[in-house]
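Coordinates in review
Given next are the chains, with one letter for each unit.
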Amino acid sequence: MPSPRSAAPASSPARSWAHARITATVEQRRVLDSAAPAIVISALAGTGKTTTLCMKACNLLLQAGKAGQAREPAPILFLAYSRAGVTAIRDRMLQLHGKVPASMQILTMEQLCEVVLKEQGDPVEKLDDPVRRRFLILQAQQALRLELERNDHGGGSDDDELLAQNVDIDAFLAFEALAKKKLLHRDIEDSGLDLRAFCDDQGLDYGLCRLYGQYERMRVGMNHEPRFYAEGDCTFELCRQLGALDWDQPLDALRERYSAVLFDELHDLDEGALMVLRKLVQGGNGLFVGAGDFNQHIHEGSFSVFGSGLQRMRECLPADTEVLAINTTRRFGAEICAALNPLFGVAFAPMAQSSDAFAHLTYDSDEHCAAQLVELHGQIVNAWGALQDAKGDGKGTGQNNSSLNVVLRSPQDSILLEWVFGHEGVHYGCQGMSPFYLRREVALALALMWALQGDGGERHLTPGIVGAAVEGLLHYGRRAARGGAADVDLLAQGRFDDAGWTDLPGAQEGQKLAATLHSSATRMRRYIAHGTLDPSAPELADACAQLMALAPNACAPLLADAGLFCAHPLVRRIFAEAPINGAERSACLASLQALAGLAHGLPVAELLGRLTLLATASIAMHQANEPISLRLLSVEACKGREFTFVAVPFVERGRFPGPASHQEAYRERNMLYVAMTRARAALWLVESAAKPVWPGPV
Ligand SMILES: Nc1ncnc2c1ncn2[C@@H]1O[C@H](COP(=O)(O)OP(=O)(O)OP(=O)(O)O)[C@@H](O)[C@H]1O
């Protein structure tokens, strides 16, 4: 067994990794040479946090090899907060070490907790299907109603409100995730307040909090044997076990298990993850090295490592923890550093002799912005990228240089861009979002147009679009509320109705139905109007069904101009009345508006015709393995990654960075920071002339 917290030797080897072009910088060497039992690297973007951690891992592996111990040394644990972080570590290890060594485990915190629970004998039944999850939430709500009725509540208007409310499932999911990340139950207990008073005090939604309690009781059962684990539940469960221990008491399962613990993305730590991390450090798992860029803290519920946050983290680490800063970026050069520093009030330093380019463009309208991106894309494909490829400036990443990477704050912003680039015949890819026509709100609008038009049109929608539209119908059209089918006796006992477990429609339901519906607009129309394919079912009365019942003279102008269709009050009503939260409602309406913008003046038949051509061309290019020359990415999807050419368009006060309360404004700022720190060779900021953010500070 390795000695716990074995200190690094005074001087680590100059290079224990195979990559000849990577030698540690002065700042990185400080980390490699540190003899402290724990190190926190506080660094800016692209300064080599992941690389430095991997270098450190290579050094540790070399030392372990040299030590020639009789027994296999304990493995190194390399944690990242996100799955994307795990991929980034794997890639960097491959780059530096040629492989991921068997003596290294690269895991997210949730994956580590799952491993530990399984070792304890818990089968860890996973629940990944979002549609099933929704049904269970509806069952929990039904059970809560039964309980309130049984107790004849007497709770007055609060409980009446709970009985009347229809749960907004997305709001519930967001609440649940946050409550678990923040370990809300501890705060409730510590407050000594009753739930209502606690919610008032913290500005929390009482109904959601109450339902959360009910759902959790049903999930874990009377004897605390969790029936299933959704994402985040494994960490939450381990935290529950840790909560029963004294502050200094280690958890056996996390004790002397590893020879070192490395943690990338420290800025995303939440209360739960911090609790597990503390036990790992306490448990004699050797050296701890964590790295984070506190400007990249963008997740809701992460405990902020700003200001006193760093102090809080240090309280969990040994007293002689060393905090080291890295400001010299290896990703980009002086021009991008000079653009970022005043904008974000940071102090990036470039490496000497690094070359890069920064350009600041402005736009007057979205179309103007899109046109500039098209031009930029052309330049890159025809000139810049080819030049970089010829120079062999792939920097060993194996990336295609001839592509433009466009980072977007909101998926709605991709709608116009996809349409414009699609018409240019560009093979583009979306990461962190689906192509716009496969998003359920857009697909639903398209399927409604198609159904209204009938089978006379030239083209059918693709099965993918119809599948997304069916999901949209279930989600927005209140047609999924089948919680009533559950066994009321079971619910009254605080148990989920497991009997129908396998029969519950899962996420594939949309796809199965789509296979039946996509070849006939008439069938689709019947399905929308009746909510089923059963011909004897009565017609529904919701907004979707009412659209199908419009008289021919009311339909004609809508079919003549798809833009008018998108703006029709009944279409807007679908989203206005949907059981969704305010943020999702605004996002749906923004998508509808973007769709209306490109559909303006186009007959429905033409819009759908062009769109299906665009979708089928994209599938064909994909099947022919044609390289992608344009990538549209969400901020979350580009985090931790780097690209040769990056454009950040639609930068506009109130849009990117988006509107946010004072408390949350830093997350919006950080999203722009993450987007703008991904470029290696060239960065374009495309900003609104009317509402600029430049020159900052944001
Ligand atoms: N010592 C070095 N020598 C040469 N290149 C380096 C060195 N350190 C890092 N790099 C390169 O710099 C770039 C950024 O490194 P890395 O991704 O590790 O930074 P990061 O701080 O983890 O980034 P992010 O903040 O985006 O997560 C990569 O291309 C990496 O290969």
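This one's a predicted model, so the numbers in the text were calculated from it and none came from an experiment.

Bringing the pattern of salt bridges into the picture now. Tallying each qualifying case throughout the model produces 28 salt bridges. For glutamate 216, the salt bridge is made with arginine 219, and the minimal N-O distance between the two is 2.9 Å. In this pair, glutamate 216 and arginine 219 both sit in helix α10 (residues 206-220), 3 residues apart, roughly one turn of the helix. Residue arginine 219 is classed as buried on the basis of its relative accessible area of 0%. The partner of aspartate 413 in a salt bridge is arginine 655, and the shortest N-O contact between them spans 2.7 Å. In this pair, aspartate 413 is assigned in helix α16 (residues 413-423) and arginine 655 in the loop between β13 (643-651) and α29 (665-676), connecting sequence segments 242 residues apart. Residue classification places aspartate 413 among the buried positions, given a relative accessible area of 10%.

Moving on: the packing of helix α4 (residues 109-119) against helix α12 (residues 271-282). Where α4 meets α12, the closest approach of the two axes is 11 Å, and the angle between their N-to-C directions is 60 degrees. As far as their axial angle goes, α12 and α4 are oblique. In terms of crossing hand, the pair formed by α4 and α12 is left-handed. Judged by residue contacts, Met109, Leu112 and Cys113 of α4 engage Ala273, Val276, Leu277 and Leu280 from α12.

Here the focus is the nonpolar core. Leu446 and Met449 are the most contacted members of the largest nonpolar core, which has 86 residues in total. Element by element, the count of residues in this core is highest for helix α17 (residues 440-453), at 11 residues. Built from parts of two domains, this core gets at least three residues from each of domain 3 (334-427 + 627-688) and domain 4 (437-622). Setting aside chain neighbours within four positions, we find leucine 446 in contact with Tyr437, Leu461, Ile465, Leu595, Leu607, Leu608 and Leu611.

So, on to the sheet that holds strand β1 (residues 38-43). Spatially, β3-β2-β4-β5-β1-β6 is the arrangement adopted by the 6 strands of the open sheet, whose pairing is parallel. The two strands at the open ends of the sheet, each matched to only one other strand, are β3 (104-108) and β6 (322-326). Ignoring which end each strand starts from, the neighbouring axes of this sheet average 15 degrees apart. Both β1 and β6 contribute to a ladder of 5 bridges, which runs parallel. Residue pairing in the sheet places alanine 43 in a bridge with isoleucine 326 of β6. Taken strand by strand, helix α3 (residues 83-97) contacts β2 (76-80) and β3, and its axis lies near 155 degrees from that of β3. This element, α4, spans β2, β3 and β4 (260-263) of the sheet and lies at about 110 degrees to β3.

Turning our eyes to something else, we now look at the domain arrangement of the chain. Note on interface size: it is often stated as the accessible area lost on association of the parts. Examined at the domain level, the chain breaks down into domain 1 (26-122 + 236-326), domain 2 (130-228), domain 3 (334-427 + 627-688) and domain 4 (437-622). One C-alpha centre belongs to domain 1, the other to domain 3, and the line joining them spans 30 Å. Taken residue by residue, the interface counts 16 residues in domain 1 and 19 residues in domain 3. Together domain 1 and domain 3 conceal approximately 1,400 Å² of surface at their shared face, both sides included; 55% is due to carbon and sulfur atoms. It is Leu44, Asn295 and Ile298 in domain 1 that bury the most area against domain 3; as a group they hold 42% of the surface buried on that side. A salt bridge links lysine 639 to aspartate 268; its shortest N-O distance comes to 2.6 Å. Classifying every residue of the side of domain 1 that touches domain 3 by side-chain character gives 6 nonpolar, 6 polar and 4 charged.

A separate point is the sheet that holds strand β14 (residues 679-688). As summarised here, the arrangement of the 6 strands in space is β9-β14-β13-β10-β12-β11, forming an open sheet in which the pairing is parallel. Each having just a single partner strand, β9 (357-363) and β11 (428-431) make up the two edges of the open sheet. The mean angle between the axes of side-by-side strands here comes to 20 degrees, regardless of whether they run parallel or antiparallel. Pairing of strand β10 (residues 404-408) with strand β12 (residues 630-634), which is carried by 5 bridges, proceeds in the parallel orientation. By the bridge assignment for β12, leucine 404 is matched with leucine 630. Packed on one face of the sheet, helix α14 (residues 334-344) meets β9 and β14 and runs near 50 degrees to β9.

The next subject is the environment of histidine 19. As for its placement among the helices and strands, histidine 19 is situated in the segment before α1 (26-33). Placed 337 residues apart in sequence, histidine 19 and aspartate 356 show a C-alpha to C-alpha distance of 23 Å. Apart from the residues lying within four places of it in its own chain, the contact partners of histidine 19 are Gln95 and Leu96.

A few words now on the site of the ligand. Inspection of the region around the ligand gives 20 residues, with Lys49, Thr51, Gln296, Glu642 and Arg678 positioned closest. In this structure, an oxygen atom belonging to the ligand sits 2.6 Å away from a side-chain N or O atom of lysine 49. Protein contact buries 93% of the 630 Å² of open area that the ligand shows by itself. In terms of residues, the shell around the ligand owes the most to one element, helix α2 (residues 49-67), which gives 4 residues. Of the residues in the shell around the ligand, the class split is 4 nonpolar, 9 polar and 7 charged. Built from parts of two domains, the shell around the ligand gets at least three residues from each of domain 1 (26-122 + 236-326) and domain 3 (334-427 + 627-688).

The terminal C-alpha atoms of α10, which comprises 15 residues, lie 21 Å apart, in line with the 21 Å expected from a rise of 1.5 Å per residue. At the N-terminal end of α10, a side-chain oxygen is found 2.9 Å from the backbone nitrogen of glycine 207, two or three residues along, and the residue is aspartate 205. Where α10 terminates, the next one or two residues include glycine 221, which has phi positive at roughly 75 degrees.

Our focus in this paragraph is the UniProt feature "binding site: ATP" (unreviewed entry) in the chain. Annotation from UniProt places "binding site: ATP" (unreviewed entry) at Ala43, Leu44, Ala45, Gly46, Thr47, Gly48, Lys49 and Thr50. Turning to its location among the elements, alanine 45 is positioned in the loop between β1 and α2. By relative accessible area, which is 0% here, alanine 45 ends up buried. Excluding anything up to four places from it in sequence, alanine 45 contacts Asp293, Gln296, Thr329, Arg331, Phe332, Phe348, Tyr673, Thr677 and Arg678. Here lysine 49 is to be found in helix α2. When neighbours within four sequence positions are excluded, lysine 49 is seen to be in contact with Ala43, Leu44, Asp264, Ala291, Gly292, Asp293 and Gln296.

Before going further, it helps to examine unusual backbone geometry. With an omega dihedral of 0 degrees, the bond running from tryptophan 694 to proline 695 counts as a cis peptide bond. With respect to the secondary-structure elements, proline 695 resides in the segment after β14. The amide bond that connects glycine 696 to the next residue, proline 697, takes the cis arrangement and shows omega of 0 degrees. Inspection of the secondary structure puts proline 697 in the segment after β14. Even without being a glycine, leucine 183 presents a positive backbone phi close to 50 degrees. Here leucine 183 shows up in the loop between α7 (169-181) and α8 (184-191).

Residue position: serine 520 is located in the loop between α20 (509-517) and α21 (521-530). A sequence separation of 462 residues divides serine 520 from cysteine 58, and the C-alpha atoms of the two residues are 59 Å apart. Setting aside residues no more than four positions away along its own chain, serine 520 makes contact with Trp450 and Asp455.

What counts and how
Residues numbered from 1 in each chain as written. Predicted model: local features only at pLDDT ≥ 70, side-chain atom pairs only at ≥ 80, totals over all residues. Heavy atoms only, no water. Salt bridge = Lys/Arg side-chain N within 4 Å of Asp/Glu carboxyl O. Helix = DSSP H or I, 4+ residues; strand = E, 2+ residues; numbered from the N terminus. Buried < 20%, exposed > 50% of the residue type's maximum accessible area, 1.4 Å probe, protein only. Axes fitted to C-alpha atoms, helices over the stretch in contact; angles between N-to-C directions. Parallel < 35°, antiparallel > 145°, perpendicular 65-115°, else oblique. Left-handed = near helix turned anticlockwise from the far one by under 90°. Contact = heavy atoms within 4.5 Å. Core = buried A, V, L, I, M, F, W, Y, C linked by side-chain atoms within 4.5 Å. Domains from an automatic or database assignment. Pairing = 2+ DSSP bridges. Buried area = accessible area lost by both parts, 1.4 Å probe. Nonpolar A, V, L, I, M, F, W, Y, C, P; charged D, E, K, R; others polar. Near = heavy atom within 4 Å. Polar contact = N/O pair within 3.5 Å; in protein donor to acceptor, adjacent residues only side chain to side chain. Areas by Shrake-Rupley, 256 points an atom, 1.4 Å probe, with all protein chains shown as cover. Expected span 1.5 Å × (residues − 1). UniProt positions renumbered as here; feature names shortened; annotations may be inferred.

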